[in-house]
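# Structural characterization, general
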Amino acid sequence: MKLIYQTSCGISQKNIITTGTQLLPYIQRLQKIITNNDYSKPESSLNLASNDTLLSVILQIKKEKTDRNLKYIFVIGIGGSNLGAKAVYDALYGYYDVLAKARYPKIIFIDTADSELLLQLKKFFQTFVKKPQEILINVISKSGTTTETVVNFEAILNILKNIFDTRDILDRTVITTDENSLLWKMALKKKLTLLPIPKIVGGRFSVLSAAGLFPLSAAGIDMKNLLRGAGEMRTQCMQRNITKNPAIISATILYQHYR
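Quick summary incoming for the structure in this document. (Residues numbered from 1 in each chain as written. Predicted model: local features only at pLDDT ≥ 70, side-chain atom pairs only at ≥ 80, totals over all residues. Heavy atoms only, no water.)

## What about the sheet that holds strand β4 (residues 173–177)?
Think of a sheet as strands paired side by side through backbone hydrogen bonds, with each pair either parallel or antiparallel. A sheet is described by the order of its strands in space; here 5 strands give the open sequence β2-β1-β3-β4-β5, paired in parallel fashion. Both edges of this open sheet fall to β2 (106–110) and β5 (193–196), since each of them pairs with a single strand only. Averaged over all adjacent pairs, the angle separating strand axes in this sheet is 20°, with direction ignored. Bridge analysis of β4 against β5 gives 4 bridges, and the strand direction is parallel. The partner of isoleucine 175 across the bridge, within β5, is leucine 194. Across the sheet, helix α5 (residues 115–128) touches β1 (72–76) and β2, and the angle it forms with β1 is around 160°. Contacts between helix α9 (residues 210–218) and the sheet are confined to β1, β2, β3 (135–141), β4 and β5, with β3 contributing the most and set at about 170° to the helix. (Pairing = 2+ DSSP bridges. Helix = DSSP H or I, 4+ residues; strand = E, 2+ residues; numbered from the N terminus. Axes fitted to C-alpha atoms, helices over the stretch in contact; angles between N-to-C directions. Contact = heavy atoms within 4.5 Å.)

Quick look at the structure:
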């Protein structure tokens, strides 16, 4: 990636280099976190781009839960739990992909609690979904207590229970949350498929965790290529050459304008 900033940011390159040099000790700290695969630090989301163990688990569950029958993936989450995946999905397939009939499976993102939306979903399920294998439900809540997510999940579950057998719907459900959260414990009780989010990784940094990778993978997006690209960008942002490090340049420009 090339970051073009020289003619439009209003900050001289000399100023960028002088200010950016102050970030080099922090870059060194980040490199150490990556080298040690350290998940005890707040910046541990940097390690997600090279977490092969997580990727293999996600791909295995994808294999179990998806086949040629799958048409709709419902991602139930809000904020960091779904916006990262939505950004990638919209970038690749377009904002109005859900309206195009030529390609399946599609992801439908459900975030805020909305009675009108739930009414429309009920009509949608009754009209367009003929068997459980056509849908996959991914409930994502890092804390496991997000009100909107829990409400939407319960409401959709109740709608589908009146159309299909309850166990069939539960078998089409994947829960993504912190280990031992209330949602995790509920999923264990109901024998639902579970994917963990590393505890130290905040929701807004979780797009390369199971929160983003599983629904995107289920939708047919190549996770190995996505992670390879993320790894290449991570390498670029760890450079000590300030003029070639887009993270340092961006941070410096923002800092100078903020001042």
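## Considerations on the environment of alanine 91
Along the polypeptide, alanine 91 turns up in helix α4 (residues 83–93). Expressed as a C-alpha distance, the spacing of alanine 91 and leucine 24, which sit 67 residues apart in the sequence, is 32 Å.

## Considering the pairing of β4
Among the 5 residues of β4, 5 are classified as buried, and the element is accordingly described as predominantly covered. Neither face of β4 is left uncovered, since the one carrying Thr173, Ile175 and Thr177 and the one carrying Val174 and Thr176 both have all their residues buried. Note: β3 against β4, 5 bridges, orientation parallel. Counted as the bridge partner of valine 139 is isoleucine 175 from β4. Chirality of the crossover, the property in question, places the unit of β4, helix α8 (residues 182–190) and β5 among those that are right-handed. (Buried < 20%, exposed > 50% of the residue type's maximum accessible area, 1.4 Å probe, protein only. Right-handed = clockwise from strand over helix to strand, strands pointing away.)

## Focus: the pairing of β2
Among the 5 residues of β2, 5 are classified as buried, and the element is accordingly described as predominantly covered. Side chains of β2 alternate between two faces, with Lys106, Ile108 and Ile110 and Ile107 and Phe109 buried alike. Inspection of the sheet shows β1 paired to β2 by 5 bridges, in the parallel sense. For isoleucine 73, the partnering residue across the bridge sits in β2 and is isoleucine 107. Following the backbone out of β1, through α4 and into the adjacent parallel β2, one traces a crossover that is right-handed.

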